[in-house]
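If you want the building blocks of each chain, they are given just below.
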Amino acid sequence: DGGITQSPKYLFRKEGQNVTLSCEQNLNHDAMYWYRQDPGQGLRLIYYSQIVNDFQKGDIAEGYSVSREKKESFPLTVTSAQKNPTAFYLCASSIAGRTGELFFGEGSRLTVL
Amino acid sequence: ILNVEQSPQSLHVQEGDSTNFTCSFPSSNFYALHWYRWETAKSPEALFVMTLNGDEKKKGQISATLNTKEGYSYLYIKGSQPEDSATYLCAFPNTGNQFYFGTGTSLTVIP
């Protein structure tokens, strides 16, 4: 079945550690996105990529890094520079363009201890 | 940062009631407006992608309308069922293909 897979579902991290969240899709989509959700707030864009080997910062990119070496994969690294990393992270993919509907993974919940 | 607003924030209705909620977005540089349904413990799923002013789309008992000149879209649910309980999100893509989401409307349908 085609879809988008995020892992891990739950992750605990000590302060000062970098962690990487995985996002893989087999939908042959060009565009991929990372969003963060905090209580009472909408989904906020961290990074997005319209094509392999290219990505752009969203509104809250500070403290995060990404790579897009393969069309299927768009991993997100939460670095120690991210001041408040505890959140729910959603990955999405779509055909490129503004009318392509987004397909979402099930999310990863990161807790910093 | 674009301002996309949804109201109300939450809604409780009885089974069988009809309901509606609103998404407001910038009326300039409009290209598309997306609606998503997000059920608890699941992934958000697309309901509608709307592009034309005056457009109305329907899926089962759910329908949506679009007014691009004044910058709003309504989502209607006719005869709500408990399985309609979810958070409904709208998203507005800008010219750079960044999708801006509202905070969502949380709907609870009471049996």
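Since the structure is predicted, the reported quantities are computational estimates derived from the model, not experimental observations.

Novice: I keep staring at the overall build of chain A and nothing clicks. Help me out?
Specialist: From N to C terminus, chain A includes zero helices and eleven strands. The C-alpha atoms of chain A give 13 Å as radius of gyration, which agrees with the globular expectation for 113 residues (13 Å, within 12%). Once the C-alpha set of chain A is aligned to its principal axes, its extents read approximately 35 × 30 × 25 Å. Across the 113 residues of chain A, 50% fall into the buried class. For chain A, long-range pairs separated by at least 24 residues make up 52% of all intrachain contacts whose partners lie at least 6 apart in sequence.

Novice: So what exactly am I meant to see when it comes to the interface of chain A and chain B here?
Specialist: One frequently used descriptor of interface size is the decrease in accessible area upon assembly of the parts. The interface is formed by 24 residues belonging to chain A together with 24 residues belonging to chain B. Here chain A and chain B share an interface that buries about 2000 Å² over both sides, 60% of which is from carbon and sulfur atoms. Sorting the residues of chain A by area buried against chain B places Asp59, Arg98 and Phe104 of chain A first, and these three jointly supply 36% of that buried surface. There are eight residue pairs in polar contact (both at pLDDT 80 or more) connecting chain A and chain B. Of all the secondary structure elements, the ones that give two or more residues to the side of chain A that touches chain B are strand S4 (31–37), strand S5 (44–51) and strand S9 (87–94) of chain A.

Novice: So what exactly am I meant to see when it comes to the nonpolar core here?
Specialist: Among the nonpolar cores identified, the biggest contains 24 residues, and Phe21, Leu33, Trp35, Phe48, Leu75, Tyr88 and Leu107 of chain B are the most heavily contacted of them. For this core, the leading source of residues is strand S9 (residues 86–93) of chain B, giving four residues. When sequence neighbours within four positions are dropped, the list of residues in contact with Tyr88 of chain B reads Gln6, Phe21, Tyr36, Arg37, Leu47, Ile62, Leu75, Ile77, Gly104, Thr105 and Leu107 of chain B. Within the second largest apolar cluster, 20 residues are counted, among which are Val19, Tyr64, Val66 and Cys91 of chain A.

Novice: Which parts of the structure should I look at to understand a nonpolar patch on the surface?
Specialist: Residue and element names in this part refer to chain A. A contiguous nonpolar surface patch, about 400 Å² in accessible area, is contributed by Tyr10, Phe12 and Leu113. Within the fold, Leu113 resides in the segment after strand S11 (108–112). Take Leu113: its relative accessible area is 62%, and that puts it in the exposed class.

Novice: What should I look at first to understand the sheet that holds strand S7 (residues 62–67) of chain B in this one?
Specialist: Backbone hydrogen bonds hold the strands of a sheet together, and the pairing may be parallel or antiparallel. All names here are of chain B. With respect to topology, five strands assemble into an open sheet ordered S1-S3-S8-S7-S6, the strand pairing being antiparallel. Among the strands making up the open sheet, the edge pair consists of strand S1 (5–7) and strand S6 (56–59). Shown here is a sheet whose adjacent strand axes are inclined to one another by a mean of 15 degrees, direction ignored. Examined bridge by bridge, strand S3 (residues 19–24) and strand S8 (residues 72–77) share six bridges and lie antiparallel to one another. Looking at the pairing, Thr22 lines up with Tyr74 of S8.

Novice: How should the side chain of Thr77 of chain A be read in this particular structure?
Specialist: All names here are of chain A. With respect to the helices and strands, Thr77 occurs in strand S8 (residues 76–78). Classification of Thr77 by relative accessible area gives buried; the value is 19%. Engagement of the side chain of Thr77 in a polar contact is seen with the side chain of Thr20, the distance being 3.0 Å. Those residues in contact with Thr77 that sit more than four places away from it in its chain are Asn18, Val19, Thr20, Gly63, Tyr64 and Ser65.

Novice: Please clarify how the state of the cysteines should be interpreted in this entry.
Specialist: Think of a disulfide as a covalent bridge from one cysteine sulfur atom to another cysteine sulfur atom. Residue and element names in this part refer to chain A. Throughout the structure, instances matching the rule amount to two disulfides over all chains. Note on cysteine connectivity: Cys23 is disulfide-linked to Cys91, with sulfurs 1.9 Å apart. Taking the sign of the S-S torsion, -75 degrees for the link of Cys23 and Cys91, the bridge is left-handed. On the criterion of sequence distance, the pair formed by Cys23 in strand S3 (residues 19–25) and Cys91 in strand S9 is long-range, its members being 68 residues apart. Residue Cys23 is classed as buried on the basis of its relative accessible area, which comes to 0%. Note on Cys91: relative accessible area 0%, which makes it buried.

Novice: Hey, could you run me through the sheet that holds S3 of chain A in this one?
Specialist: All names here are of chain A. Reading across the sheet, the four strands line up as S1-S3-S8-S7 and stay open at both edges, with antiparallel pairing between neighbours. Of all strands in the sheet, those bounded by a partner on one side alone are strand S1 (4–7) and strand S7 (64–66). Put simply, the sheet's adjacent strands are angled 20 degrees from each other on average, direction ignored. Relative to S8, S7 is paired through three bridges, and the arrangement is antiparallel. Within the sheet, the bridge partner assigned to Tyr64 lies in S8 and is Val78.

Cut-offs and rules
Residues numbered from 1 in each chain as written. Chains lettered and ligands numbered in written order. Predicted model: local features only at pLDDT ≥ 70, side-chain atom pairs only at ≥ 80, totals over all residues. Heavy atoms only, no water. Helix = DSSP H or I, 4+ residues; strand = E, 2+ residues; numbered from the N terminus. Rg over C-alpha atoms; globule rule 2.2 N^0.38 Å. Buried < 20%, exposed > 50% of the residue type's maximum accessible area, 1.4 Å probe, protein only. Contact = heavy atoms within 4.5 Å. Buried area = accessible area lost by both parts, 1.4 Å probe. Polar contact = N/O pair within 3.5 Å; in protein donor to acceptor, adjacent residues only side chain to side chain. Core = buried A, V, L, I, M, F, W, Y, C linked by side-chain atoms within 4.5 Å. Patch = residues over 30% accessible without salt bridge, like charges linked within 9 Å, V, L, I, M, F, W, Y side chains within 5 Å. Areas by Shrake-Rupley, 256 points an atom, 1.4 Å probe, with all protein chains shown as cover. Salt bridge = Lys/Arg side-chain N within 4 Å of Asp/Glu carboxyl O. Pairing = 2+ DSSP bridges. Axes fitted to C-alpha atoms, helices over the stretch in contact; angles between N-to-C directions. Disulfide = S-S within 2.5 Å.

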